[in-house]
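Descriptive structure summary
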Amino acid sequence: MNAEPVIVGGREIPAEAIAAEAQHHPAPDAASAWQAAAEALAVRQLLLDEADRLGIPAEDRRDAEGRPLTEEDARIDALLEHEVRVPEADEAACRRFYDTRRDRFASPVLVEAAHILIEADPADEFAMGLATGDARTLIRQLQAEPERFDELARTRSACPSREQGGNLGQVGPGQMVKPFEEALFALAENTLCTRPVKTRFGVHVIRSGRRAEGRQLPFEAVQQAIASYLEEASYRRAVAQYIAILAGQAGVSGVAIAGAEGAMVQ
C-alpha cells in the first residue's frame, strides 16, 4: 500500500502491522486508512519508547468505563499523566469564553407544531403542483374553520402524526427539515401558516402552538462545563506538542505526524 517504509527511532514498523491497524481507522479510501494507521502506530511507538527511557512501569489503570487497560496502554497513560500537565481553567478564562460565545449558552426556542402533509415527489412537478393546490384549499378551509384542523389532519395527512390530529409536539431547532423549520419558527404563537410549505416529503400545511422563547443560561450554570472543555482542549494541544517533540528527537520517516498547532513532523 505504501512504498516508503515507516521508521520510528531507526526501527521500521512492519507493513503487516499497519495493514492490521488500518481496519480500526474508517476512512474514505484505503490509502487514507493506511496513513491514519501508520500515524497511530508511529505515535504509539514514540510514547512506548519514551516510557522505556523514563522507566515508566505498567500499573493497574482503567479507562473511563472502569475497564482495565492493557499493559502498553497503561504505560502510555502513566507517561502522559507524568509528562503532560495543563493548568486548570480559572474563572477569568471561563468568563471570557462565555462572553464571546453567549449564543452557545442559551436554551433553544421550542414551538408546538402541527401539520398536514400532502405527499408528493419533489422531482415530479405535476404531482407537486397538485399537492400545492390541495394545501392551499386546506389553508382556506382552516382560515374559515380553524377548529377543523384535527379532523382534516386525520383524514388528509400522509404523515403518521395524523393519528394525533397532526400534532408533532414541541419542536426545537434542527429537528425538522429546513423549509419546515423556517416556516414554523417565523409564526407567532397559535398561528396557521398562510402558504403551503414544500419539503422533500411533499407539501405541508403548518400550524404553530405554544411557543417557549429561548433564555440565556447564567455563567454560573455553565462555568464547570466550560472549564472542562477548556482543560480538555488545552490537554489535547499539549499532547500534540509533546508528541511532536518526541518525533523530532527520535526521528520519524514514512508518515506525517500532526504536531502543535497543525504543524506536521515528517
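Residues numbered from 1 in each chain as written. Predicted model: local features only at pLDDT ≥ 70, side-chain atom pairs only at ≥ 80, totals over all residues. Heavy atoms only, no water.

**Here's the deal with the sheet that holds strand β1 (residues 6–8)**
- Strand order in the open sheet made by the three strands is β2-β1-β7, with antiparallel pairing throughout. Where the open sheet ends on each side, the last strands, each with one partner, are β2 (11–13) and β7 (252–253).
- Bridge count between β1 and β2: three bridges; the pairing is antiparallel. Opposite I7, over in β2, you have E12 as the bridge partner. (Pairing = 2+ DSSP bridges. Helix = DSSP H or I, 4+ residues; strand = E, 2+ residues; numbered from the N terminus.)

**Some words on the pattern of salt bridges**
- The final tally for this structure, using the stated rule, is 20 salt bridges.
- Where R11 meets D49, a salt bridge forms, and the shortest distance between an N and an O atom there is 2.4 Å. With R11 in strand β2 and D49 in helix α2 (residues 30–54), the pair connects residues that are 38 residues apart, well separated along the chain.
- Note on D49: relative accessible area 22%, which makes it partly exposed.
- Each member of the salt-bridge network shares a partner with another, and the members are E59, R61, D77 and E81. (Salt bridge = Lys/Arg side-chain N within 4 Å of Asp/Glu carboxyl O. Buried < 20%, exposed > 50% of the residue type's maximum accessible area, 1.4 Å probe, protein only.)

**What to know about the packing of helix α1 (residues 15–22) against α2**
- Contact geometry of α1 with α2 gives a least axis separation of 8 Å together with a crossing angle of 110°. What the angle tells us is that α1 and α2 run roughly perpendicular. Crossing handedness for the pair α1 and α2: right-handed. Each of A15, A17, I18, A19, E21 and A22 in α1 lies in contact with α2, whose residues at this interface are A33, W34, A37, A38, A40 and L41.
- Taken together, the residues of the contact of α1 with α2 sort by class into eleven nonpolar, no polar and one charged. (Axes fitted to C-alpha atoms, helices over the stretch in contact; angles between N-to-C directions. Parallel < 35°, antiparallel > 145°, perpendicular 65-115°, else oblique. Left-handed = near helix turned anticlockwise from the far one by under 90°. Contact = heavy atoms within 4.5 Å. Nonpolar A, V, L, I, M, F, W, Y, C, P; charged D, E, K, R; others polar.)

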